[in-house]
Amino acid sequence: MMPYNLLLLPVIVGYFILIYSHYFKYNTQRLTQNRILFESVSVALLIIVFGFLLRTVVELIFPELTAFLVKQLEFVPIKKVDYFWTIFFSCTIALIAVYVTNIYLLWRFKEFQLIGWAVDKNGDELEKLFKRSVVEASFIQVTLKNDKVYIGYSEIIPIPQKTNYLILTPILSGYRDDRKQLHITTDYFKVVEEFLEKLDSDEKSVTLNTDIIIKQDEILTACIYEQEIFNKFNQH
């Protein structure tokens, strides 16, 4: 009979899979501790079922192989526990599968694509908006609670619920007055151009970083910014 403490091994492996697998970890990061524990147990059950199915198939095809392997492993100084090696090998195969799939995913896809899948599945509206800016190279208009307005684009897809901050590269900024009309006060293209003009010829390789970090709680509204639509609503 299999002791219940033997189930701790596949649960630990299940947690490892959820945290380190590139396919699961971006979704796992937004789950609560209780939900992660539940998911780890679910993965552990799948590992156990896979191990016993594999053992059954091996015993049907090679009837004497299981007894031979157990005899060869007698030198290992471990207390003989029923089905220990079945669980151990199924967990080992699961860990190898995670390592192989991680290599394949990073070879087949870019990391931002993997994060994008997680955003599509579990991201909130703001995270999906920033993901759209990255994928479609579209501009975003963000209005903060202090009436400060930034118009720009994002180069990084935010990992769902990993942090409460978002990174925006502004091209324009301004503020909203008491009537909530937008006033543009800073053109970052002109600022960058003036900065580069003041540099010496030997300093042309200097990188000017204008990225701003915005706390999500401070964002009042956010939307895709279209210059043509903005002009129609602000013809004056």
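Novice: Please set out a nonpolar patch on the surface residue by residue, giving values where relevant.
Specialist: Taken together, the side chains of Val 57, Leu 60, Ile 61, Phe 62, Leu 65 and Leu 69 make up a nonpolar region of the molecular surface, amounting to roughly 580 Å² of accessible area. Looking at the nonpolar patch, the elements with two or more residues in it are helix H3 (33–61) and helix H4 (65–72). No other element matches H3, which puts 3 residues into the nonpolar patch. Among the structural elements, Phe 62 can be located in the loop between H3 and H4. Classification of Phe 62 as partly exposed rests on a relative accessible area of 48%.

Novice: With reference to specific residues and values, describe H3.
Specialist: Taking 1.5 Å per residue as the helical rise, H3 with its 29 residues ought to reach 42 Å, and the 42 Å between its terminal C-alpha atoms agrees with that figure. Of all the residues in H3, the buried ones are Ile 36, Ser 40, Val 43, Ala 44, Ile 47, Ile 48 and Gly 51. In this fold, the buried residues of H3 make contact with helix H1 (8–20), helix H2 (25–28) and helix H5 (84–108).

Novice: Please give an account of the pattern of salt bridges that cites residues and values.
Specialist: A side chain with one charge may pair with a side chain of the opposite charge, provided their charged atoms come close. Summed over all chains, the structure comprises 3 salt bridges. As a salt-bridge pair, Glu 136 and Arg 132 come within 3.0 Å of each other at their nearest N and O atoms. Of this pair, Glu 136 and Arg 132 both sit in helix H7 (residues 125–136), 4 residues apart, which is roughly one turn of the helix. According to the relative accessible area criterion, Glu 136 is partly exposed, its value standing at 49%. When the shortest N-O distance is used, the salt bridge between Lys 180 and Asp 147 registers 3.1 Å. Of this pair, Lys 180 sits in the loop between strand S3 (165–176) and strand S4 (182–187) while Asp 147 sits in the loop between strand S1 (139–144) and strand S2 (148–153), and the two are 33 residues apart along the sequence. Residue classification places Lys 180 among the partly exposed residues on the basis of a relative accessible area of 47%.

Novice: So what's going on with the pairing of S2? Which residues, and what values?
Specialist: Pairing of S1 with S2, which is carried by 4 bridges, proceeds in the antiparallel orientation. Paired with Val 142 across the two strands is Tyr 150, which belongs to S2. Here S1 folds back onto S2, and the loop between the two strands holds 3 residues, one of which, Asp 147, carries a positive phi near 70°. Bridge count between S2 and S3: 6 bridges; the pairing is antiparallel. Along S3, the bridge assignment pairs Tyr 153 with Thr 169.

Conventions and cut-offs
Residues numbered from 1 in each chain as written. Predicted model: local features only at pLDDT ≥ 70, side-chain atom pairs only at ≥ 80, totals over all residues. Heavy atoms only, no water. Patch = residues over 30% accessible without salt bridge, like charges linked within 9 Å, V, L, I, M, F, W, Y side chains within 5 Å. Areas by Shrake-Rupley, 256 points an atom, 1.4 Å probe, with all protein chains shown as cover. Salt bridge = Lys/Arg side-chain N within 4 Å of Asp/Glu carboxyl O. Helix = DSSP H or I, 4+ residues; strand = E, 2+ residues; numbered from the N terminus. Buried < 20%, exposed > 50% of the residue type's maximum accessible area, 1.4 Å probe, protein only. Expected span 1.5 Å × (residues − 1). Contact = heavy atoms within 4.5 Å. Pairing = 2+ DSSP bridges.

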